[in-house]
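Understanding the architecture of this molecule
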Amino acid sequence: MINILQVLLLVGILTGCGAMNAIPLPESPTAVQQLLMAQAVERSLHGENTRSILLTSGDTVSLDISGLHVEDGLTVAQGFFKGAIGGWLGESGLKIVLDPAKAKYRIHILVQGLGVEQRSSLFGLPPIQSALLPIALPEIAIYASQKLSGYTRFRLDIYETETGQFVRSTPWFQGSTYFNEYTILFFFDFEFTDLIAPF
């Protein structure tokens, strides 16, 4: 009898194994997902391959942005982009003005992507909810992982405000971050991340 139960448990565990990729993210990003996106942007601005924008210290610039999904005005992500890039330009000695007519240059932020990819895998038995009996079995994970990766890619296009003349484009800024959680033998949990924050 014990051997039959062991075989059934093993079959159940093996049939519960699986890997799922690109799990849909929640409507509202979690704190970790927000940190992944924000620090991906910051890393892209302060990375080893970042070059100077080649404008003179003291020049006035205005910022606008496109490339992210917008339904009603400026999204939170766009507001963060403008703030982060404005701060980076300010460190270079440029002055950010809100009125585009008062700026010598207009910098258009063209965003190709900002987001989080989520992947998970499980070797074990997934949670089971009985349709006939009012009982449920929790997840039994011999090995489980959930991996989150934050990515961004954008560039800056510079125009003279008075004439609308195109001046130059920067190379693409790119950044990525990760936050991985693992479970081994049911309840041993640990994490690996390159985020700059205590967890």
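Presented here is a report on the structure given in the accompanying data block. Predicted model, so just to flag it, every value in this text is computed and none were measured.

On to the overall build of the protein, then. Per the secondary structure count, the protein includes three helices and ten strands. Counting helices and strands in the order they occur from the N terminus, the protein gives α-β-α-β-α-β-β-β-β-β-β-β-β. Among the 199 residues that make up the protein, the fraction classed as buried is 31%. Restricting the contact set of the protein to residue pairs at least 6 apart, pairs at least 24 apart contribute 71%. Summed over all atoms, the accessible surface of the protein reaches about 12,500 Å², with 60% contributed by carbon and sulfur.

Attention shifts here to unusual backbone geometry. Although it is not a glycine, leucine 54 sits at a positive phi angle of roughly 65°. Along the chain, leucine 54 turns up in the loop between α2 (31–45) and β2 (60–66).

So, about the pairing of strand β8 (residues 166–169). Looking at chain direction, strand β7 (residues 140–160) and β8 are connected through three bridges and run antiparallel. Among the inter-strand pairings, aspartate 157 is bridged to a residue of β8, identified as serine 169. Remark: five residues form the turn of the hairpin made by β7 and β8, two consecutive strands paired antiparallel; glycine 164 in that turn has positive phi of roughly 75°.

Core analysis: the largest hydrophobic core is formed by 21 residues, its most contacted members being Leu89, Ile107, Phe154 and Leu156. Those elements giving two or more residues to this core turn out to be α2, β2, α3 (76–91), β4 (105–125) and β7. Of all the elements, α3 adds the most residues to this core, at five residues. Setting aside residues no more than four positions away along its own chain, leucine 89 makes contact with Ile53, Val61, Leu63, Leu94, Ile96 and Ile107.

Right, let's get into the pattern of salt bridges. The final tally for this structure, using the stated rule, is four salt bridges. The closest approach of N and O atoms between arginine 43 and aspartate 194, which form a salt bridge, is 2.8 Å. In this pair, arginine 43 is assigned in helix α2 and aspartate 194 in the segment after β10 (188–193), connecting sequence segments 151 residues apart. By relative accessible area, arginine 43 is classed as partly exposed at 28%. Arginine 155 serves as the salt-bridge partner of aspartate 157, at 2.8 Å between the closest nitrogen and oxygen. Assessed through its relative accessible area of 5%, aspartate 157 is described here as buried.

With that out of the way, let us pick up the packing of α2 against α3. The axes of two packed helices give the description: the angle between them and the distance between them. In the contact formed by α2 and α3, the axes pass within 11 Å of each other and the chain directions differ by 30°. As far as their axial angle goes, α3 and α2 are roughly parallel. Classified by chirality, the crossing of α3 by α2 is right-handed. The segment α2 lies against α3, with Ala38, Val41, Glu42 and Leu45 engaging Phe80, Phe81, Ala84, Ile85 and Trp88. Taken together, the residues of the contact of α2 with α3 break down into eight nonpolar, no polar and one charged.

The terminal C-alpha atoms of α3 lie 23 Å apart, and with 16 residues this matches the ideal 22 Å at 1.5 Å per residue to within 8%. By the burial criterion, the buried members of α3 are Gln78, Phe81, Ala84, Ile85, Gly86, Trp88 and Leu89.

This part covers a nonpolar patch on the surface. Residues Phe123, Tyr143, Tyr178, Ile184, Leu185, Phe186, Phe187, Phe188, Phe190 and Phe192 make up a contiguous nonpolar surface patch of roughly 970 Å² in combined accessible area. Looking at the nonpolar patch, the elements with two or more residues in it are β9 (173–184) and β10. When residues in the nonpolar patch are grouped by element, the largest group, three residues, is from β10. Mapped onto the secondary structure, phenylalanine 192 falls in strand β10. A relative accessible area of 48% means that phenylalanine 192 is categorised as partly exposed.

About the cut-offs
- Within every chain, residues take consecutive numbers counted from 1 along the sequence as written.
- Totals for whole chains, interfaces and linings use all residues, but because this is a predicted model, local features are given only for residues with pLDDT of at least 70 and pairs of side-chain atoms are given and counted only at 80 or more.
- Based on all heavy atoms of the structure, the side-chain values leave hydrogens and waters out of the count.
- By the criteria applied, helices consist of DSSP H or I runs no shorter than four residues and strands consist of E runs no shorter than two, each listed in order from the N terminus.
- For every residue, the accessible area (1.4 Å probe, protein chains only) is compared with the maximum for its type, and the residue is labelled buried under 20%, exposed over 50%, or partly exposed between those bounds.
- Two residues form a contact once any of their heavy atoms are found within 4.5 Å.
- All accessible-area figures derive from a Shrake-Rupley calculation using a 1.4 Å probe, and residue coverage is judged against the displayed protein chains alone.
- For two strands to count as paired, DSSP must find a minimum of two bridges between them.
- Buried residues of nine kinds, namely Ala, Val, Leu, Ile, Met, Phe, Trp, Tyr and Cys, make up a nonpolar core once their side-chain atoms join them within 4.5 Å.
- Whenever Lys or Arg places a side-chain nitrogen within 4 Å of a carboxyl oxygen from Asp or Glu, that contact is recorded as a salt bridge.
- All axes are obtained by fitting lines to C-alpha atoms, using only the stretch in contact for helices, and the reported angles, taken between N-to-C directions, cover 0 to 180 degrees.
- Reported orientations rely on four angle classes, namely roughly parallel under 35 degrees, roughly antiparallel over 145, roughly perpendicular from 65 to 115, and oblique for the rest.
- Two helices that cross are described as forming a left-handed crossing if the nearer one is turned anticlockwise from the farther one by less than a right angle, and a right-handed crossing if clockwise.
- Classes in brief: Ala, Val, Leu, Ile, Met, Phe, Trp, Tyr, Cys and Pro nonpolar; Asp, Glu, Lys and Arg charged; the others, Gly included, polar.
- Multiplying one less than the number of residues by 1.5 Å gives the expected span of a helix.
- For patch detection, residues must exceed 30% relative accessible area and be free of salt bridges, and they are connected within 9 Å for like charges or within 5 Å for nonpolar side chains (Val, Leu, Ile, Met, Phe, Trp, Tyr).

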